[in-house]
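# Structure assessment
Spelled out, the chains give:
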Amino acid sequence: MRSSIYILVSAVVLFLALPSSSNAQCKNFAKKICRLELSPYVHDGNYNAAILTEGEDAELFKTFYAGQQYRISVCGSETLNKIEFMVMDVDRKVLYTNAKNNFATSWDFKVENTQQLIILVKVPVTSGKNEELKSGCVAIMFGLKTD
């Protein structure tokens, strides 16, 4: 009886540890690979990364300050073919979509007024009907231009 409880507790601990382990790996991917794409912009110090599966999307809200030049860079693991990202204002008006720019991985812009923007990241379904959906790490990175 005592060994079954030990096995059950061990299984629960392992199950709970797995998501954090994959999240840590995703954060390391953002640090080592995606951060490089911000150059020559200075990274803002935040690592926004998550594991997404084809057909899933994620939103991130971020404040951008007047007069500053920014770079948004979105990158994903090699298992994901394309990653779409949109930048919208709080009324959800699309200001930029990389789908109209050959799925570019970054966008440079300057804001005239301090405002909160929404960054929506989508992983389109590219697998065939009988194939398993692909998953991978997707990171959204922000850089600031310093002159």
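This text follows the structure it describes.
Report follows, based on the coordinates. (Residues numbered from 1 in each chain as written. Predicted model: local features only at pLDDT ≥ 70, side-chain atom pairs only at ≥ 80, totals over all residues. Heavy atoms only, no water.)

## Considerations on the sheet that holds strand β5 (residues 84–88)
Counted only if it meets this: Each pair of strands is called paired provided DSSP finds at least two bridges between the two strands. Secondary structure elements are taken from DSSP: a helix is a run of H or I of four residues or more, a strand is a run of E of two residues or more, and numbering for both begins at the N terminus. All axes are obtained by fitting lines to C-alpha atoms, using only the stretch in contact for helices, and the reported angles, taken between N-to-C directions, cover 0 to 180 degrees.
The antiparallel open sheet is built from four strands, whose spatial order is β3-β8-β5-β6. For this open sheet the edge positions go to β3 (57–64) and β6 (94–97), each flanked by a neighbour on one side alone. Each adjacent strand pair in this sheet contributes to an overall mean axis angle of 20°, direction not counted. Note: β5 against strand β8 (residues 115–122), five bridges, orientation antiparallel. For Phe 85, the partnering residue across the bridge sits in β8 and is Val 121.

## A short note on the state of the cysteines
What counts, and what does not: In what follows, a disulfide is any cysteine sulfur pair within 2.5 Å. To sort residues, take the accessible area from a 1.4 Å probe on protein chains only and compare it with the maximum for the residue type: under 20% means buried, over 50% means exposed, and anything in between is partly exposed.
Per the counting criterion, the structure on display carries two disulfides. Each disulfide pairs two cysteine sulfurs, and for Cys 26 the partner residue is Cys 137, the sulfurs being separated by 1.9 Å. Taking the sign of the torsion about the S-S bond as the criterion, the disulfide between Cys 26 and Cys 137, at about 90°, is right-handed. Highlighted residues: Cys 26 in helix α1 (residues 2–32) and Cys 137 in strand β9 (residues 135–144), separated in sequence by 111 residues. Judged by relative accessible area, which is 2%, Cys 26 ranks as buried. Sulfur-sulfur distance for the disulfide between Cys 34 and Cys 75 comes to 1.6 Å. Taken together, the residues Cys 34 in the loop between α1 and β1 (42–43) and Cys 75 in strand β4 (residues 69–76) connect sequence positions 41 residues apart. Taken as a pair, Cys 34 and Cys 75 share a single burial class, namely buried. If the cysteines joined by disulfides in the protein are listed in sequence order, their pairing comes out as 1-4, 2-3.

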